[in-house]
Amino acid sequence: MQTLQTTSLQVRDNQLWILDQQALPQQKNWLPAHSVPQLIEHIHALRVRGAPLIGLSASLLLALLAEQGQTRAELAQALETLRAARPTAVNLMNNLDRMKLALAQPDFAPALAEEAWRLVQEDKQLCDAIADAGCTRVKPGSQLLTHCNTGGLATAGVGTALGVIARAHQQGLIKNVWVDETRPLLQGGRLTAWELGELAIPYTLITDSMAASLMARGEVDAVWVGADRIAANGDVANKIGTYSLAVLAHYHQIPFYVAAPHTTLDRSCPDGTAIPIEQRAASEVTGVAGSFGSVQWAPEAAKVYNPAFDVTPATLISGWVLDTGVVTPDQVQGGIFQPQ
Ligand code: MRU
């Protein structure tokens, strides 16, 4: 396969490499993701993360394993193992469905390479289209609040919600971005802050509990988040803490936008209650770990609740900003996301 470089993925020497998103921003380590167990371990540890990126990394690895001579049966097994790597983000399943069709081709190795390449190029285009659509909803002088990380690190392109913010900044529309640190794994404080700094976009880091008081003071013009899965009724699963922001935005009458590619839409999922939510290790909540080391502050025996995602009901969402344009609440109620 040809050489590929995105913000957080590389294909070189016919192998896949990933930028360790757990070590950022202190260290920029490119790690091998040369086998299915290796990639799955990176996905579990959130070294590879973000709904689009998880799907793309799995697709690229399958294509590379095919080039290295794995049989159709071995690849079919690898595909199903990868499909189970993270349960909430549906981009993984959607991308692997396309790779499965390529695997069924008589000449499956080049078909898989072409399909993986196409998925990466498409993702870049989807991000650009989301950014363009989203900018139509950003007012000049905006202070926008975002949660988790939805930028170039999480996609092959400019990102989803963060892509909108970056393009709106290029158009001179952004005064400040409030970055939720995003406990427990700090994707906002570590990754979004780093990306905004690299892009020279003015931002201010806050802890997750500070959003309400900022909104009450009139300092937030809109909330922009990404999505891991959009159900047929418009409910959205995204990083834990997204729902709290939607409730706060609703109370303060602030627009709440979800930006995502159409590959995040799951028409077969009737509503948010049907979205599987990943539960994660207690140690993420009892302390914090990273390239800076680790610290535990809670008692060893503390009982912990640690869902990685929550579900925001469609009724709290002002617009679903997709690559196809901005979908309104009326359109969602009219069934635009329902099975076709
Ligand atoms: O657990 P993570 O870091 O993979 O969670 C990521 C998010 O919740 C993102 O908002 C979502 O995947 C969209 S990324 C463009």
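Higher on the page you've got the structure.
Quick look at the structure, then.

Basis of the calculations
- Residues numbered from 1 in each chain as written.
- Predicted model: local features only at pLDDT ≥ 70, side-chain atom pairs only at ≥ 80, totals over all residues.
- Heavy atoms only, no water.
- Helix = DSSP H or I, 4+ residues; strand = E, 2+ residues; numbered from the N terminus.
- Buried < 20%, exposed > 50% of the residue type's maximum accessible area, 1.4 Å probe, protein only.
- Near = heavy atom within 4 Å.
- Polar contact = N/O pair within 3.5 Å; in protein donor to acceptor, adjacent residues only side chain to side chain.
- Areas by Shrake-Rupley, 256 points an atom, 1.4 Å probe, with all protein chains shown as cover.
- 1 Å grid on protein atoms, 1.4 Å probe; cavity = no way out; pocket = protein on both sides within 12 Å on 5 of 7 lines; lining within 4 Å.
- Sits in = over half its atoms within 2 Å of the grid points.
- Nonpolar A, V, L, I, M, F, W, Y, C, P; charged D, E, K, R; others polar.
- Expected span 1.5 Å × (residues − 1).
- Contact = heavy atoms within 4.5 Å.
- Pairing = 2+ DSSP bridges.
- Salt bridge = Lys/Arg side-chain N within 4 Å of Asp/Glu carboxyl O.
- Axes fitted to C-alpha atoms, helices over the stretch in contact; angles between N-to-C directions.
- Parallel < 35°, antiparallel > 145°, perpendicular 65-115°, else oblique.
- Left-handed = near helix turned anticlockwise from the far one by under 90°.

Notes on the environment of L16
Along the polypeptide, L16 turns up in strand 3 (residues 15-19). Taking relative accessible area as the criterion, L16 reaches 0% and is therefore assigned buried. Remark: the alpha-carbon pair of L16 and A282, spanning 266 residues in sequence, is separated by 30 Å.

Considerations on the site of the ligand
Within the structure, the ligand sits among 18 residues, and R49, R86, Q187, N238 and K239 are positioned closest to it. A51 places a polar main-chain atom, nitrogen or oxygen, 2.9 Å from an oxygen atom of the ligand. In the complex, 99% of the free accessible area of the ligand, which totals 410 Å², lies under the protein chains. According to the grid-proximity analysis, the pocket containing the ligand is the largest cavity. Listed by contribution, the elements that provide at least two residues to the shell around the ligand are helix 2 (51-67) and strand 10 (236-239). Partitioning the shell around the ligand into residue classes produces seven nonpolar, seven polar and four charged.

So, helix 4 (residues 90-103)
When the terminal C-alpha atoms of helix 4 are compared, their 20 Å separation across 14 residues agrees well with the 20 Å that a helix rising 1.5 Å per residue should span. All of the buried residues in helix 4 are V90, N91, L92, M93, N95, L96, M99, A102 and L103. On its buried face, helix 4 sits against helix 2, helix 3 (72-83), helix 5 (108-135), strand 9 (229-231) and strand 12 (265-266).

Regarding the sheet that holds strand 12
The strand order 12-9-10-15 describes an open sheet built from four strands, whose pairing is mixed. If you trace the sheet from one side to the other, it starts and ends with strand 12 and strand 15 (309-312), each paired once. Two elements, strand 10 and strand 15, share four bridges in a ladder whose sense is antiparallel. Residue pairing for strand 15: A237 is matched across the bridge by V311.

Re the pattern of salt bridges
If the charged atoms of two oppositely charged side chains come close together, the side chains can form a pair. Under the defined criterion, the tally for this structure stands at 15 salt bridges. The residue R229 makes a salt bridge to D266 at a minimum N-O spacing of 2.7 Å. With R229 in strand 9 and D266 in strand 12, this pair connects stretches of sequence that are 37 residues apart. Side by side, R229 and D266 carry an identical accessibility label, which is buried.

A few points about the sheet that holds strand 1 (residues 4-5)
Read from one edge to the other, the open sheet built from four strands follows the order 1-2-3-4, with strand pairing classed as antiparallel. A strand with exactly one partner marks an edge of an open sheet, and here the two such strands are strand 1 and strand 4 (30-32). Relative to strand 2 (residues 9-12), strand 1 runs antiparallel, the two sharing two bridges. Following the sheet pairing, L4 is matched in strand 2 by V11.

What to know about the packing of helix 5 against helix 6 (residues 161-170)
In contact at an axis separation of 8 Å, helix 5 and helix 6 are set at 60° when each is read in the N-to-C sense. Our classification of the angle between helix 5 and helix 6 gives oblique. Pair helix 5 / helix 6 crosses with right-handed handedness. Contacts between helix 5 and helix 6 involve D128, I130, A131, D132, G134 and C135 on the former and, on the latter, G163, V164, R167 and A168. Among the residues making up the contact of helix 5 with helix 6, the classes are represented as five nonpolar, two polar and three charged.

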